[in-house]
2 protein chains.
Amino acid sequence: MRVGVSDQKLRTAVKSAKQAPRSDRRAQRADRTTDAAPMVNLKKLTGLAGYLIRQAQLWVFQDFNATLEPLDLRPVQYSILTIIGDNPGLSQMALSQILGIVRSGLVPLLDGLEGKGLIRRMPSASDRRSHALHLTAEGQHFLARADALVQEHEKRLIKKVGARGHKELLDILKVFGRR
Amino acid sequence: MRVGVSDQKLRTAVKSAKQAPRSDRRAQRADRTTDAAPMVNLKKLTGLAGYLIRQAQLWVFQDFNATLEPLDLRPVQYSILTIIGDNPGLSQMALSQILGIVRSGLVPLLDGLEGKGLIRRMPSASDRRSHALHLTAEGQHFLARADALVQEHEKRLIKKVGARGHKELLDILKVFGRR
DNA sequence: CGATATTGTTCATCTAGTGAACTGTTCGAG
DNA sequence: CTCGAACAGTTCACTAGATGAACAATATCG
């Protein structure tokens, strides 16, 4: 029943340089030709789209976090700001459904963004139970700065998969975009 | 610095049917035409490959978990069994690098698999500090059963993105496969 | 009007990841 | 050959994040 495999490890990407090219000795039957290659067979996994998607996602999050570090903004938070920006007045319920998280899990996220002065929970005119989410002026400025960095990130991704690959990717994966 | 956005929510996929098509009233400016569509603008996000990759990954994990539920096997565990199966004698250090997790985080995972009798930590002949990981006979049988289910899962994925899309996907994303 | 459902919130609980510290082992410079 | 440094695996305390249950305020509909 349990599920898991979370993304917490995705820190600022500095760790890439961590383990030095220490010749990687004894990585199974040492094959002192490529030096740093542990000689591992991953063919079966790399033939599964799910595995590659996972790997891609790890890269994306890592690069995203590294790029957005000056703003200390994580992917979910960026998504939230963007969605609210494009859909002012949205309710928390609607937002949580889009994000695919339970509504109780959204609360601390919004608390954080509201605490930074980026969003506001306004009273909804039509339904006093719900809150109408809006960006503050500061939130709009902040989001604009974030957008610029996200574009940088996207460029790095394009460089990684190629311009054509990127286009195809958007086309192929669009079936997973909710709504 | 923090990072996050984990995958824990990915349960058995039963929840899709949870909130009934209750006409989804008042999802912002109600537009009683499509009935169940909350009328949210996500264009900006769905133009970002990272967002779509994330969404795809959510779908994949959800479907994977639903499919593998009879075996109660999660993606990481399947990866571990597969990698060990294809690379018997691998050390925990090497495995943790492939998986991209810290070596201390690998311990409970291996404990679990070893507790189920699927793998064994054998003493390494060459280096008595490290363990040589192997599948047990039972582990091999188990992995074979898992493989069959994973193929089902992959078929569902192919149905989702199309045979051509699937091929292209493997091709585009292979740059993210480690090594 | 009154039963029922819904929104946002709090809370206890769970999973999983991290880094530091410790043990036993190996390596390599002198 | 020896001794200090590096390394594999493990434990442990801590953290982030997700979940479901329960609750108050409000809304809906018979």
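Calculation notes
Every residue gets a number counted from 1 within its own chain, in the order that chain's sequence is written. For naming, the first written chain is A and the first written ligand is 1, with later ones following in the order written. The predicted nature of this model means local features are confined to residues of pLDDT at least 70 and side-chain atom pairs, given and counted, to a pLDDT of 80 or more, with totals for whole chains, interfaces and linings taken over all residues. Each side-chain value is derived from all of the structure's non-hydrogen atoms; neither hydrogens nor water enter the calculation. Only runs of H or I of at least four residues qualify as helices and only runs of E of at least two qualify as strands under DSSP, and these elements are numbered from the N terminus. Summary of the burial criterion: residues with accessible area below 20% of their type's maximum are buried, those above 50% are exposed, and those between are partly exposed, where the area comes from a 1.4 Å probe applied to protein chains only. Two residues qualify as a contact provided that any one of their heavy atoms is within 4.5 Å of a heavy atom in the partner residue. Accessible surface is estimated by sampling points in the Shrake-Rupley manner with a 1.4 Å probe; for residues, cover comes only from the protein chains shown. Note on geometry: axes are C-alpha line fits, over the in-contact stretch for helices, and angles between N-to-C directions span 0 to 180 degrees. Note that the term roughly parallel is reserved for angles under 35 degrees, roughly antiparallel for angles over 145, roughly perpendicular for angles of 65 to 115, and oblique for everything else. For a crossing to be left-handed, the near helix must be turned anticlockwise from the far one by less than a right angle; the clockwise case is right-handed. In this count, Pro and Cys sit with the nonpolar residues alongside Ala, Val, Leu, Ile, Met, Phe, Trp and Tyr, while Asp, Glu, Lys and Arg are called charged and the others, Gly among them, polar. Any carboxyl oxygen of Asp or Glu within 4 Å of a side-chain nitrogen of Lys or Arg constitutes a salt bridge here. For a helix, the expected span equals 1.5 Å multiplied by the number of residues minus one. Throughout this description, the term nonpolar core refers to a set of buried Ala, Val, Leu, Ile, Met, Phe, Trp, Tyr and Cys residues connected via side-chain atoms within 4.5 Å. Think of it this way: Lys and Arg go in the positive column, Asp and Glu in the negative one, and His and the chain ends go nowhere.

Q: How would you sum up the overall build of chain A? Please name residues and give values.
A: Helices and strands together make up the secondary structure of chain A, namely 7 helices and 2 strands. Order of helices (α) and strands (β) in chain A, N terminus to C terminus: α-α-α-α-α-β-β-α-α. Across the 179 residues of chain A, 47% fall into the buried class. Taking the contacts inside chain A whose residues are at least 6 apart along the sequence as the reference set, 52% of them involve residues at least 24 apart. Surface exposure of chain A reaches about 9,500 Å², of which carbon and sulfur atoms provide 54%.

Q: Lay out the packing of helix H2 (residues 49–67) of chain A against helix H2 (residues 49–67) of chain B with the relevant residues and their values.
A: H2 of chain B packs onto H2 of chain A with a crossing angle of 140 degrees between their chain directions and a minimal axis gap of 9 Å. Between H2 of chain A and H2 of chain B, the interaxial angle falls into the category oblique. For the pair H2 of chain A and H2 of chain B, the crossing hand works out as left-handed. Here H2 of chain A contributes Gly-50, Ile-53, Arg-54, Ala-56, Gln-57, Val-60 and Phe-61 of chain A to the contact with H2 of chain B, which in turn contributes Gly-50, Ile-53, Arg-54, Ala-56, Gln-57, Val-60 and Phe-61 of chain B. Here the contact of H2 of chain A with H2 of chain B is composed, by residue class, of 8 nonpolar, 4 polar and 2 charged.

Q: Tell me about the pattern of salt bridges, and name the residues and values.
A: Residues and elements named next belong to chain A. Summed over the entire model, instances satisfying the criterion amount to 14 salt bridges over all chains. One salt bridge in this structure joins Lys-174 and Asp-171, with 2.7 Å as the shortest N-O distance. A cluster of three or more residues bridged by salt bridges with shared partners is formed by Asp-111, Glu-114 and Arg-121.

Q: Provide a residue-level description of H2 of chain B, including the pertinent values.
A: With 19 residues, H2 of chain B should reach 27 Å at 1.5 Å per residue; the first-to-last C-alpha distance of 26 Å fits that figure. H2 of chain B sits mainly inside the fold: 17 of its 19 residues count as buried.

Q: Explain the nonpolar core to me, using residue names and the numbers behind them.
A: Leu-95 of chain A together with Leu-95 of chain B are the most contacted members of the largest nonpolar core, which totals 91 residues. Here Leu-95 of chain A is in contact with Ile-80, Ile-83, Ile-84, Leu-90, Leu-106, Leu-110 and Leu-133 of chain A, once residues within four sequence places are set aside.

Q: Can you break down the environment of Gly-50 of chain A residue by residue, with the values?
A: As for its position among the elements, Gly-50 of chain A is in helix H2. Sequence-distant contacts of Gly-50 of chain A, that is, excluding residues within four places in its chain, are made with Val-60, Glu-154 and Leu-157 of chain B.

Q: Give a detailed account of the side chain of Glu-154 of chain B, specifying residues and quantitative values.
A: Tracing the backbone through its elements, the reader meets Glu-154 of chain B in helix H6 (residues 137–161). Buried charged residue Glu-154 of chain B carries no salt bridge. Nearest counter-charge: Arg-156 of chain B, at 9.9 Å.

Everything listed here is a matter of geometry and, on its own, says nothing about what the molecule does.
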